[in-house]
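Chain by chain, the residues:
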Amino acid sequence: MYELTIGIHRGTLMSRDVEQPESFESMEDCIKAVAIAKTFYSGIGYNIWFANVKKPDGTTTTLEQNTNCN
């Protein structure tokens, strides 16, 4: 299983939040979930702060990284 964790923000350090990790069957499913999350969160005024995937072998891959948080 692949475990996806997404962090969001509204442009400030104080607005940062992290979703509960979610499990997926493949990396492709994680990529699709991040695309859906980007659309959803941008619609309510948030940005993706980070999107990290913990792979079955224990390594982590970053799908999104946004450092535009003050």
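You'll find the structure just up there.
The structure presented is a predicted model; accordingly, all values stated were derived computationally and were not measured.

(A) Highlighting the pairing of strand 4 (residues 47-54). Taken together, the seven bridges between strand 1 (residues 2-9) and strand 4 define a ladder with antiparallel strand orientation. Within the sheet, the bridge partner assigned to Ile6 lies in strand 4 and is Ala51. In the sheet, strand 4 pairs with strand 5 (residues 60-65) via five bridges, with the strands oriented antiparallel. Directly across from Ala51, in strand 5, lies its bridge partner Glu64. From the end of strand 4 to the start of strand 5, which pair antiparallel, there are five residues, and Gly58 there has a positive phi angle of about 95°.

Procedures and definitions
Residues numbered from 1 in each chain as written. Predicted model: local features only at pLDDT ≥ 70, side-chain atom pairs only at ≥ 80, totals over all residues. Heavy atoms only, no water. Pairing = 2+ DSSP bridges. Helix = DSSP H or I, 4+ residues; strand = E, 2+ residues; numbered from the N terminus.

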